[in-house]
Amino acid sequence: MPKAPSTFKAPWAPVRSKQDRERDNDMNRRKRHPWRNWYKLAAWKRIRALRLSADPLCVMCLAEGNTMAATVVDHIEPHRGNREMFFSYANTQSLCETHHNRDKQRLEASGETQSPPASAEPGACR
Ligand SMILES: [Zn+2]
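These remarks concern the structure in this document. (Residues numbered from 1 in each chain as written. Predicted model: local features only at pLDDT ≥ 70, side-chain atom pairs only at ≥ 80, totals over all residues.)

Before going further, it helps to spend a moment on the overall build of the protein chain. Helix and strand counts for the protein chain come out as 5 helices and 2 strands. Helices and strands in the protein chain line up, N terminus first, as α-α-α-β-α-β-α. Classification of the 126 residues of the protein chain by burial places 12% in the buried group. Long-range pairs, those at least 24 residues apart, make up 58% of the contacts in the protein chain between residues at least 6 apart in sequence. (Helix = DSSP H or I, 4+ residues; strand = E, 2+ residues; numbered from the N terminus. Buried ≥ 20, exposed ≤ 12 C-beta atoms within 10 Å, placed from the backbone. Contact = placed C-beta atoms within 7 Å.)

This is the structure we're talking about:
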């Protein structure tokens, strides 16, 4: 027996390309999370560059005894849209992409957080 199509699309409905849908999704995400735009600000770019030059290796890899270049600057304590926490250098750490995308997201989802590393200030001695 023939199955009905899973979604009905009216023939008069405008045809939206994948790019149109992605653009709309981006726009909605920006509306829901206006802090996403903070990543484009010079203040954040400066914090990011400072952190990566101070700690060029992933701190989580180091804790596991491995050496991996850091490419992501992560907020140790999730900022959740708090501007002060977002732009706090002390609240950042260098991570590799694997640790940021896998382990850190899992930690945040579980509600756990890490304590800031000992050298949280720029120029701090190790
Ligand atoms: Zn790592």
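For helix α5 (residues 97-109), spanning 13 residues, the distance from its first C-alpha to its last is 17 Å, which sits close to the expected 18 Å at 1.5 Å a residue. Within α5, the axis deviates most sharply at D103, by approximately 25 degrees. Immediately downstream of α5, the backbone of G111 shows phi near 85 degrees, a positive value. (Expected span 1.5 Å × (residues − 1). Bend = angle between axes of the 7 residues up to and from the residue.)

Let's shift gears to the nonpolar core. Within the largest apolar cluster, 5 residues are counted, these being C58, M60, A70, L95 and C96. Once residues within four sequence positions are removed from consideration, L95 is found in contact with C58, V59, M60, A70, V72, D74, H100 and K104. (Core = buried A, V, L, I, M, F, W, Y, C linked by C-beta atoms within 7 Å.)

In this section: helix α1 (residues 18-32). With 15 residues, α1 extends 21 Å from end C-alpha to end C-alpha; this agrees with the ideal 21 Å at 1.5 Å per step. Little of α1 sits inside the fold, with 0 of its 15 residues counted as buried.

The next point concerns unusual backbone geometry. At R80, a position not held by glycine, the phi torsion is positive, near 45 degrees. Counting through the fold element by element, R80 comes out in the loop between β1 (72-75) and α4 (83-86). A tally of 11 C-beta atoms within 10 Å means that R80 is categorised as exposed.

Fair warning: the whole summary comes from geometry, so function is off the table for now.
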